[in-house]
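# Inside the fold
Each chain is listed here by its residues.
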Amino acid sequence: MRRIYIDTAQAEDFAPTPDRVVSGIPRGETRNAYESADGRKYFGEWSCGEGAWRVSYSEWEYCRILEGQVRLTGDDGTEIEAGPEGNLVIEPGFEGIWENLTPVRKLYVIDLGPPAEGMD
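These lines cover the structure that appears in this document, whether it is placed above or below. No experiment lies behind these values; they were computed from the predicted model shown.

Moving on, we get to the environment of A116. For A116, the location among the structural elements is in the segment after strand 11 (104-111). For A116, a relative accessible area of 45% corresponds to the partly exposed category. Once the C-alpha coordinates of A116 and L66 are considered, the two residues, 50 residues apart in sequence, prove to be 33 Å apart.

As structure tokens, then:
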């Protein structure tokens, strides 16, 4: 087992592509602190300012909101909000709007699932 340090992880700029932005000018950073040997699982911290953008998930993600307030609205009309100390699980196939109602900081665990058939 190894220790994981988010505060020393390399920061990467985050911004949704302009064609996905619904409102605001969401900008932030991702600090990926862990990647599995097969490159299919990740853990880290993400932060971003206010705004909303379209998302389409092919991966499974667990989020622990540390600061701020988020709202996810699915294309099917489902809606969920989470604030500080709130938890979210986003399943593969979710499509909709991710909205930061305030600046947000979260921890995440991402699992890309098994590789596609025929890909190693």
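Per the counting criterion, the structure on display carries six aromatic pairs. Ring geometry for W46 against W53: centres 6.2 Å apart, planes inclined by 55°, an arrangement best described as tilted. W46 gets classed as buried once you look at its relative accessible area, which sits at 7%. Ring geometry for W53 against W98: centres 6.5 Å apart, planes inclined by 25°, an arrangement best described as stacked. Of this pair, W53 sits in strand 5 (residues 51-56) while W98 sits in strand 10 (residues 95-100); the two residues are 45 residues apart in sequence, bridging distant segments of the chain. Given the relative accessible area of 5%, W53 is considered buried. With relative accessibility at 2%, the residue W98 sits in the buried group. Every member of this aromatic cluster is reached through a ring pair, and the members are F14, W46, W53 and W98.

Here we come to the nonpolar core. Most often, soluble globular proteins have nonpolar side chains that are buried together. Judged by nonpolar contacts, the single largest core of 19 residues is most densely connected at W46, W53, V70, L72, L88, I90 and W98. Within the residue set of this core, elements represented by two or more residues are strand 4 (41-48), strand 5, strand 6 (60-67), strand 7 (70-74), strand 9 (87-90) and strand 11.

Turning our attention to the sheet that holds strand 10. Read across the open sheet, the five strands follow the order 2-5-10-7-8; overall the sheet is antiparallel. Every other strand in the sheet has two partners, leaving strand 2 (21-24) and strand 8 (79-82) as the edge strands with one partner each. Averaged over all pairs of adjacent strands, the angle between strand axes in this sheet comes to 20°, irrespective of strand direction. Note: strand 2 against strand 5, three bridges, orientation antiparallel. By the bridge assignment for strand 5, G24 is matched with G51.

On strand 7, burial follows the alternation: V70, L72 and G74 on one face are buried, whereas R71 and T73 on the facing-out side are not. Alignment of strand 7 against strand 8, held across four bridges, turns out to be antiparallel. Paired with R71 across the strands is E81, a residue of strand 8. Hairpin geometry of strand 7 and strand 8 is characterised by an intervening segment of four residues between the two adjacent antiparallel strands and by a positive phi of about 95° at G77.

For the structure on display, the rule yields nine salt bridges. Here E29 and R31 are joined by a salt bridge, their closest N and O atoms 3.1 Å apart. Look at E29 and you get partly exposed, because its relative accessible area is 27%. Judged by relative accessible area, R31 falls into the partly exposed class, the value being 22%.

Conventions used here
Residues numbered from 1 in each chain as written. Predicted model: local features only at pLDDT ≥ 70, side-chain atom pairs only at ≥ 80, totals over all residues. Heavy atoms only, no water. Helix = DSSP H or I, 4+ residues; strand = E, 2+ residues; numbered from the N terminus. Buried < 20%, exposed > 50% of the residue type's maximum accessible area, 1.4 Å probe, protein only. Phe/Tyr/Trp six-rings, centres within 6.5 Å; stacked < 30°, edge-to-face > 60°. Core = buried A, V, L, I, M, F, W, Y, C linked by side-chain atoms within 4.5 Å. Pairing = 2+ DSSP bridges. Axes fitted to C-alpha atoms, helices over the stretch in contact; angles between N-to-C directions. Salt bridge = Lys/Arg side-chain N within 4 Å of Asp/Glu carboxyl O.

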